[in-house]
Amino acid sequence: MLRPSPAPAPALRSVLAALGSPTAVREARTPALRAAQGPLSPEHPLPVHVLGVTGAPGTAPRTRLAGWRFLIRHGDRAIAAADTMLTPDGWTFSHFFEGPYVTATERALLQAEALPVAYEPRLLSVPELYMLTLWLHAGPDSEGTAVAPAAADLMVPLAPAPPGIAAHQAYQVADLLPVLSTRLAPPPLLGSAAPA
């Protein structure tokens, strides 16, 4: 069961304006979006957080809100996505895109709807690993602003996932974050002692 956060109104307005702009749609690198005949609608707004890799070893990783993503629906499926970003003037449209993460996000949202606990859906990007997860926040509604995944949260890596991490499997934060932290840790310097 999902309890989505409402997207900021300016973010939604900017995506609607871009969808209504023949220039924005025509110049997008999204053949499916350009070829679509009929109405397109932005749905499933998700806050996009980026996992920070800085901090002392053993400290909880932190995230920062980087934007909002909307799946662009045509008929009965999502064919593209639209990202927005925060500028000094507020939320604004960034770009359209398509690819495997669009269908993977839609699939993961359907999986999450079937869970017995209500979660606030978000996306968590781990750029250093070329990884995107559906972050299912279990706590009270915080409008997508939590700075770190909580112990009761789930993460569902989207396909394609990095080697050794199963896509579309729900992981407890306590199980997945140590794996990510190990992969994100800087390699030891030559000549330094290996960790015990």
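Report on the accompanying structure. (Residues numbered from 1 in each chain as written. Predicted model: local features only at pLDDT ≥ 70, side-chain atom pairs only at ≥ 80, totals over all residues. Heavy atoms only, no water.)

### Observations regarding the pairing of strand β2 (residues 63-74)
So, step 1. For strand β1 (residues 41-51) and β2, the ladder comprises 9 bridges, and the chain directions are antiparallel. If you follow S41 over to β2, its bridge partner there is R73. (Pairing = 2+ DSSP bridges. Helix = DSSP H or I, 4+ residues; strand = E, 2+ residues; numbered from the N terminus.)

### Quick notes on the pattern of salt bridges
So, step 1. With the rule as written, the count across this model stands at 5 salt bridges.
So, step 2. Here R73 ties to E43 by a salt bridge, and the two come within 2.6 Å at their closest N and O atoms. Residue R73 is found in strand β2, and its partner E43 is found in strand β1; the two are separated by 30 residues along the sequence.
So, step 3. Since its relative accessible area comes to 26%, E43 is described here as partly exposed.
So, step 4. With a closest N to O distance of 2.6 Å, D83 and R69 form a salt bridge. (Salt bridge = Lys/Arg side-chain N within 4 Å of Asp/Glu carboxyl O. Buried < 20%, exposed > 50% of the residue type's maximum accessible area, 1.4 Å probe, protein only.)

### Re the sheet that holds strand β7 (residues 154-157)
So, step 1. Read across the open sheet, the 8 strands follow the order β4-β3-β2-β1-β5-β6-β7-β8; overall the sheet is mixed. With one partner strand each, in any of the chains shown, β4 (90-97) and β8 (171-172) form the two edges of the open sheet.

### So, helix α5 (residues 173-184)
It helps to recall that an α-helix has 3.6 residues per turn; residues three or four apart then point in one direction.
So, step 1. Taking 1.5 Å of rise per residue, 12 residues should cover 16 Å, and α5 covers 16 Å from first to last C-alpha, within 8% of that figure.
So, step 2. Buried residues of α5: V173, L176, L177, L180 and L184, and no others. With its buried residues spanning 100 degrees around the axis, α5 presents them on a single face. More than 90 degrees from the buried face of α5, the exposed residues found are A174, D175 and T182.
So, step 3. Structurally, α5 contributes buried residues whose contacts are with β1, β5 (120-126), β6 (131-137), β7 and β8. (Expected span 1.5 Å × (residues − 1). Arc of directions from axis to C-beta. Contact = heavy atoms within 4.5 Å.)

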